[in-house]
Amino acid sequence: MERLRTYSIIVNSGDSIKSVAVFGLFVKYFNPKMATKKRKVDSEYRAFNDEWTWKYFFTVVKDKPVCLICNEAVAVFKEYNISRHFTSKHKNSNYEAMSEYERKQNVESLCKKLSGRQNFFKKVNTIQEVATHASYIVAYNIAKNNKALSDGEFVKQCMLQVCDVLCPDKKIIFRL
């Protein structure tokens with residue numbers, strides 16, 4: 001039994017280069033540019049419809065549709081994907097039986113809860129950033145003055161600068 005041999009020939013036809021594969025007597029034209037083009041869903045620039053908020057209990061968080069009930073994110077801004085999540089995950093919940101007015105009220109309370117959770121983490125980050133900034137101030141003063149923290153006046157000066165950053169409203173207490 002004879003093996004089928006494969007030959008590859010590159011043909012220049014006008015503006016594009018085509019690869020021709022020869023399989024015995026069968027000739028197939030293949031455009032390499034067409035093979036590399038894939039449809040990317042992320043590049044379709046879909047938009048979130050505000051109606052989906054009260055209809056399916058979804059909102060947008062950092063360019064992702066997020067369910068207000070279970071906080072799961074759906075990959076694409078498509079109504080089918082969002083409705084499928086709502087019907088499959090929350091089918092037996094009381095959210096489906098609500099009227100439009102009740103849904104809108106419930107959406108408002110769920111949005112407030114979500115923003116409260118997000119603000120909690122923002123507050124923690126700002127406290128950490130301020131504490132890091134205060135430690136940099138102390139390190140800068142130690143390096144600048146070339147003194148140890150055993151000098152009382154130097155420690156007081158450092159503490160006043162740290163107090164300006166951490167709690168500026170209580171700076172007067174430290175000055176006394």
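That block above? That's the structure.
Since the model is a prediction, treat every value here as computed from it, not as a measurement.

Caption draft 1: Representation of helix α5 (residues 152-166) in the model. For α5, built from 15 residues, the straight-helix expectation of 21 Å at 1.5 Å per residue is met to within 8% by its first-to-last C-alpha distance of 20 Å. Where α5 is concerned, the buried positions are Phe154, Cys158, Leu160, Val162 and Cys163.

Caption draft 2: Spatial organisation of unusual backbone geometry. Located in the positive-phi region is Asn71, a residue other than glycine, with phi close to 60 degrees. Considering the arrangement of structural elements, one finds Asn71 in the loop between β5 (64-67) and α3 (79-89). Accessibility expressed as a relative area gives 40% for Asn71, which makes it partly exposed. Phi at Asn146 is positive, roughly 55 degrees, even though this residue is not glycine.

Caption draft 3: Quick peek at the pairing of strand β4 (residues 58-61). Bridging between β4 and β5 involves four bridges; their strand directions are antiparallel. For Val60, the partnering residue across the bridge sits in β5 and is Pro65.

Caption draft 4: A look at the environment of Asn106. Turning to its location among the elements, Asn106 is positioned in helix α4 (residues 100-145). A relative accessible area of 18% places Asn106 in the buried class. As a C-alpha pair, Asn106 and Leu68 span 38 residues in sequence and 9.8 Å in three-dimensional space. Residues within four places of Asn106 in sequence aside, it is in contact with Phe57, Tyr95 and Met98.

Caption draft 5: Focus on the state of the cysteines. Evaluated as defined, the whole model comprises zero disulfides. No disulfide involves Cys163; its sulfur sits 3.7 Å from that of Cys167, the nearest cysteine. Using a relative accessible area of 3% as the deciding quantity, one classes Cys163 as buried. You can call Cys167 partly exposed: its relative accessible area is 23%.

Caption draft 6: Structural view of the packing of aromatic side chains. With the rule as written, the count across this model stands at four aromatic pairs. For the pair Tyr56 and Phe86, a centre-to-centre distance of 6.2 Å together with 65 degrees between the ring planes defines the contact as edge-to-face. Note that Tyr56 is positioned in helix α2 (residues 51-56) and Phe86 in helix α3, a separation of 30 residues in sequence. Each member of the pair Tyr56 and Phe86 is classed as buried. Look at Phe57 and Phe86: their rings are 5.9 Å apart centre to centre, the planes differ by 20 degrees, and that puts the pair in the stacked class. With Phe57 in the loop between α2 and β4 and Phe86 in helix α3, the pair connects residues that are 29 residues apart, well separated along the chain. Judged by its relative accessible area of 0%, Phe57 falls in the buried class. Site record: aromatic cluster; members linked through ring pairs are Phe48, Trp52 and Phe77. The lysine or arginine in question, Lys104, covers the ring of Trp54, its NZ or CZ lying 5.2 Å from the ring centre.

Conventions adopted
Residues numbered from 1 in each chain as written. Predicted model: local features only at pLDDT ≥ 70, side-chain atom pairs only at ≥ 80, totals over all residues. Heavy atoms only, no water. Helix = DSSP H or I, 4+ residues; strand = E, 2+ residues; numbered from the N terminus. Expected span 1.5 Å × (residues − 1). Buried < 20%, exposed > 50% of the residue type's maximum accessible area, 1.4 Å probe, protein only. Pairing = 2+ DSSP bridges. Contact = heavy atoms within 4.5 Å. Disulfide = S-S within 2.5 Å. Phe/Tyr/Trp six-rings, centres within 6.5 Å; stacked < 30°, edge-to-face > 60°. Lys NZ or Arg CZ within 6 Å of the ring centre and 35° of its normal.

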